[in-house]
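Notes for the structure review
Each chain, written out:
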Amino acid sequence: MTSTVTPGTTTDGAAGTSHTRIEGPAKVTGNAVYAYEQDAVDPLHLRGVGATVARGRVRAVDTTAAAAVPGVVAVLTPDTAPRIDGSATPEQTVLQSGEVHHRGQYVAAVLAETAEAAREAAGLVVVTYDAEPATTAFDPASPEAYTPEVVVAFPPDATTGDPDAAFAAAPVQVDATYRTPIEYHHPMEPHSTVARWDGDHLTLFEASQAVWSARREVAQMFGIGDDDVTVVSPHVGGGFGTKGTLHGGSVLAVVAARAVPGRSVKLALTRREMTDLTGYRPATVQRVRLGAGTDGRLHSLAHDVVESGARMAEFGEPTAVISRHLYASPHRRTSHRVVPLDLSTPTYMRAPGEAPGSFGAESALDELAVALGIDPVELRIRNEPDVDPDTGRPFSSRNLVACLRRGAERFGWADRDPRPRTRLVDGWWHGTGVAAAFFPTFAMPGSAAAIRYADGGAGAPGRYRVDIAAADIGQGARTVLTQIAAEALGVPPAQVDLNLGDTGLPHATMAGGSAGTASWATAIVEAADRFRDKWGTDPEDAAEADGVAGHNPAMAEYAMGAHGAHFVEVAVHADTGEIRVPRMLGVFAAGRILNPLTARSQFLGGMVWGLSMALHEEGVVDPAHGHVVNHDLAGYHVAANADVGDIDAEWVEEDDPHVNPVGAKGIGEIGIVGVAAAVANAAHHATGVRVRSLPITLEHFLGV
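My aim in this report is to walk through the structure given alongside it, one point at a time. (Residues numbered from 1 in each chain as written. Predicted model: local features only at pLDDT ≥ 70, side-chain atom pairs only at ≥ 80, totals over all residues. Heavy atoms only, no water.)

Observations concerning the overall build of the protein
In terms of helices and strands, the protein carries 15 helices and 25 strands. Its C-alpha radius of gyration of 26 Å places the protein within 12% of the 27 Å reference for a compact globule of 704 residues. Burial statistics for the protein: of 704 residues in total, 60% are counted as buried. Across the protein, contacts joining residues at least 24 apart in sequence account for 81% of those joining residues at least 6 apart. Taken as a whole, the protein presents about 25,700 Å² of accessible surface, with 51% of it coming from carbon and sulfur. Put simply, the protein has 54 plus and 85 minus side-chain charges, and the middle of one group is 3 Å from the middle of the other. (Helix = DSSP H or I, 4+ residues; strand = E, 2+ residues; numbered from the N terminus. Rg over C-alpha atoms; globule rule 2.2 N^0.38 Å. Buried < 20%, exposed > 50% of the residue type's maximum accessible area, 1.4 Å probe, protein only. Contact = heavy atoms within 4.5 Å. Areas by Shrake-Rupley, 256 points an atom, 1.4 Å probe, with all protein chains shown as cover. Lys, Arg positive; Asp, Glu negative; His and termini not counted. Charge placed at Lys NZ, Arg CZ, Asp CG, Glu CD.)

See the structure below:
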């Protein structure tokens, strides 16, 4: 059975029904206040000065001309900037030494009464360097490649059986290499900070996916207590991982504010600074080897990855981890190696690992289907595992096959001629492709929620205030958490007032890993259960209760994940090589869908990003100087309306009592996983050309 929702549908129901965004009117009228727009006390404007070498040391900083600009209050250098007293990552030790780790790293900063003065003065700061040899070009054959300690939270390598021997003995083999480039986040709201020190207390308005984590980071950096830091972030204009931790710009604002206690310091990064300073998805080279019998069943699977990294700090993208979970094979290996470069440090980006890894894994499976002459949907179904291939645990629920079958039915897959380059329509070669999707399901323990009741008086219904320091980064957290609280309390959502995004509220874990709703909902349901146990259905005025999300013991007993299937039609112009995508369909199995309206938006958003990844996104670094060439949205292309034709998402019903009290799996990241592979597979079906590197451009089809 499938569930769909018509855009614009709304009801007054609680969890499980469509509800328009609570903050929607505030956003469309411009009344939603983001970090940079917060009221600031006597504000100063901050502008950083980025290094123009990729590696070396600052020899001298001449601030004379900058300091003479009217309105300039201070020019900070590594010699004059306030000190960071405690622990910080190399990326966060802003203006603490003259060492330069990458181009664009802050080497000075200007504080001024106006943004214009700060910008002018920053351009007048003269920095000289002792440059050192730097490596900024990614070479997967580099002798510096090494095994990272972890890839996010997973071991870098895993082997079962003897995959090399099994591959050599397999009747049918695929051995192919796939490449993905550096990719940047570019949320609509850039990283923005307003910082103010009042004595030893810091107030931080920050575009953050985790206000409590930000508070802890700052407290540790400056050797103060957590209670000496207040972080406020009621609205965030997109995060996608880059706003999960504090980067150099945020720390620079805090350092600069220490130089002018009692005054607020405002900083919003430029698009260029976003590429230089806030992380990115690293480049990958993936060798995938599949050995199978003539019946299509896998005998061997190897997914070996080399990816770019940073010399200044380690970050390992879990690119091959998806191949540990999707398909059954008695012999398997996944491995990761990192090549350190003199660039800024990569970071989490929507579906870290699964997004690039699915391009290699699902493209290779399509190549295997072609080699075997087996339908690509059928091949995936034949290799469906009975238990999780990596852990051997039973699945809490797994409906990948249902997604594949429903998608094939709705997309008209049965009418497909499997032969490539057979359908030419008005000068365009048309083809269709499929890819599977997977993203792990988990929850972070430790979130807390508090509920307080206020009598309405004079016969009016009472109101329930629900406090939790969760983050709404545009995913609709305000709305769905309100619905969850209403359902748990047994009242309409209109009687619930949810407060989030402030460290003055009970602790909440990060909006990340598609685990925010599950983590926060667990705390809210616990608080609601305690409230009802204590006060029943007729509470007195000021009645209150709280709850904390603990560990879920089922996570150690079951393998948990969301699944999906992407079906794509591609058209490639026979003469120009131009590529278009007239149709996309995603079918997902993600537990209980708590709000069909906002869930559909999440799925579609991920799919559009996957299309953007397939056709456009590529960070280009000048190998001579480490300069990001396409450092703005004029040069770094993303999908626009004209790129997206008929796109739709739906889901199969899935009841999973093991994942969390509301039965929901994360949906923010599953939508992007597999899309790029589906597009590449469809392009092959259209043209007979197998594209193994992203983005897919007309040059691939013209042979240039």
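Resuming the write-up.
Overview of the packing of aromatic side chains
As enumerated under the stated definition, the model contains twelve aromatic pairs in all. A centroid spacing of 5.9 Å and a plane angle of 65° characterise the contact between Tyr184 and Tyr280, whose relative ring orientation is edge-to-face. You can see Tyr184 sitting in the loop between β9 (172-180) and β10 (192-198) and its partner Tyr280 sitting in the loop between α7 (271-277) and β14 (284-292), a full 96 residues away along the chain. An identical accessibility class is assigned to Tyr184 and Tyr280; each is buried. Both rings, one in Phe603 and one in Trp651, keep their centres 5.8 Å apart while their planes meet at 40°; by these two values the pair is tilted. Linking Phe603 in helix α13 (residues 596-615) with Trp651 in strand β25 (residues 646-652), this pair joins segments that are 48 residues apart in sequence. Neither residue differs from the other here; Phe603 and Trp651 are each classed as buried. In textbook terms, an aromatic cluster arises when at least three aromatic residues are bridged by ring pairs, as seen for Tyr184, Tyr280 and Tyr636. The ring of Trp197 has Arg258 lying over it, and the distance from NZ or CZ to the ring centre is 4.7 Å. Over the ring of Phe411 we find Arg583, and its NZ or CZ is 3.8 Å from the ring centre. (Phe/Tyr/Trp six-rings, centres within 6.5 Å; stacked < 30°, edge-to-face > 60°. Lys NZ or Arg CZ within 6 Å of the ring centre and 35° of its normal.)

Some points on the sheet that holds strand β13 (residues 265-268)
With respect to topology, seven strands assemble into an open sheet ordered β4-β6-β2-β13-β10-β11-β12, the strand pairing being mixed. This sheet does not close on itself; its edge strands, each paired only once, are β4 (72-76) and β12 (229-232). In this sheet, neighbouring strand axes are inclined to one another by 20° on average, regardless of whether the strands run parallel or antiparallel. Inspection of the sheet shows β10 paired to β13 by four bridges, in the antiparallel sense. Residue pairing across strands places Thr193 opposite Leu267, the latter belonging to β13. Against the sheet, helix α6 (residues 248-259) engages β2 (44-50), β4, β6 (106-112), β10, β11 (201-206) and β13, with an angle of about 30° to β10. (Pairing = 2+ DSSP bridges. Axes fitted to C-alpha atoms, helices over the stretch in contact; angles between N-to-C directions.)

Quick look at a negative patch on the surface
A surface patch of like charges, here negative, comprises Asp455, Asp538, Glu540 and Asp541. Among the secondary structure elements, Asp541 is positioned in the loop between α12 (516-535) and β22 (544-548). (Patch = residues over 30% accessible without salt bridge, like charges linked within 9 Å, V, L, I, M, F, W, Y side chains within 5 Å. Salt bridge = Lys/Arg side-chain N within 4 Å of Asp/Glu carboxyl O.)

Points about the sheet that holds β22
Strand order in the open sheet made by the four strands is β21-β20-β19-β22, with mixed pairing throughout. For this open sheet the edge positions go to β21 (496-499) and β22, each flanked by a neighbour on one side alone. Averaged over all pairs of adjacent strands, the angle between their axes in this sheet comes to 20°, without regard to strand direction. Two strands pair when backbone bridges link them, and strand β19 (residues 448-454) and β22 are joined in this way by five bridges, in the antiparallel orientation. Across the sheet, residue Ala449 finds its bridge partner in β22, namely Gly547. Helix-sheet contacts for helix α11 (residues 477-489) involve β19, β20 (463-467) and β21, and the interaxial angle to β21 is about 135°.

Notes on the nonpolar core
If you look at the biggest cluster of nonpolar residues, it comprises 83 residues, and the most contacted ones within it are Leu368, Phe603 and Val679. Per element, the largest residue contribution to this core is nine residues, and it comes from α13. Among residues more than four places away in sequence, those in contact with Leu368 are Val172, Val174, Leu290, Ala292, Leu298 and Leu379. (Core = buried A, V, L, I, M, F, W, Y, C linked by side-chain atoms within 4.5 Å.)

Regarding the pairing of strand β24 (residues 579-589)
The two faces of the sheet receive side chains in turn, since in a regular strand these alternate between them. Summarising burial for β24: eight of the eleven residues are buried, a large majority. Both strand β23 (residues 561-573) and β24 contribute to a ladder of nine bridges, which runs antiparallel. In the sheet register, Gly564 faces β24, and the bridge partner there is Phe588. Between β23 and β24, which pair antiparallel and follow one another directly, the connecting turn spans five residues, one of which, Gly577, has a positive phi of 80°. Where β24 lies against β25, six bridges are found, and the strand directions are parallel.

With respect to α12
For α12, with 20 residues, the first-to-last C-alpha span of 28 Å sits near the 28 Å given by 1.5 Å per residue. Looking one or two places after α12, you find Gly536, whose phi comes out positive at around 70°. (Expected span 1.5 Å × (residues − 1).)

With respect to the layout of surface pockets
Roughly 440 Å³ of volume is contained in the second largest pocket. In terms of lining residues, the second largest pocket is bounded by 22 residues, among which Gly48, Val49, Gly50, Arg272 and Glu273 are the most central. When residues of the lining of the second largest pocket are traced back to their parent elements, those giving at least two are β2, α3 (115-122), β7 (126-131) and α7. Among the residues forming the lining of the second largest pocket, the class breakdown is nine nonpolar, seven polar and six charged. (1 Å grid on protein atoms, 1.4 Å probe; cavity = no way out; pocket = protein on both sides within 12 Å on 5 of 7 lines; lining within 4 Å. Points joined across faces, edges and corners; volume = space filled by probe spheres on them. Nonpolar A, V, L, I, M, F, W, Y, C, P; charged D, E, K, R; others polar.)

Description of the pairing of β21
A one-sided burial pattern is seen for β21, the buried positions being Val496 and Leu498 and the unburied ones Asp497 and Asn499. Summarising the sheet, β20 and β21 pair through four bridges and their orientation is parallel. Within β21, the position partnered with Val466 by the bridge is Leu498. Handedness of the crossover joining β20 and β21 through α11 is recorded here as right-handed. (Right-handed = clockwise from strand over helix to strand, strands pointing away.)

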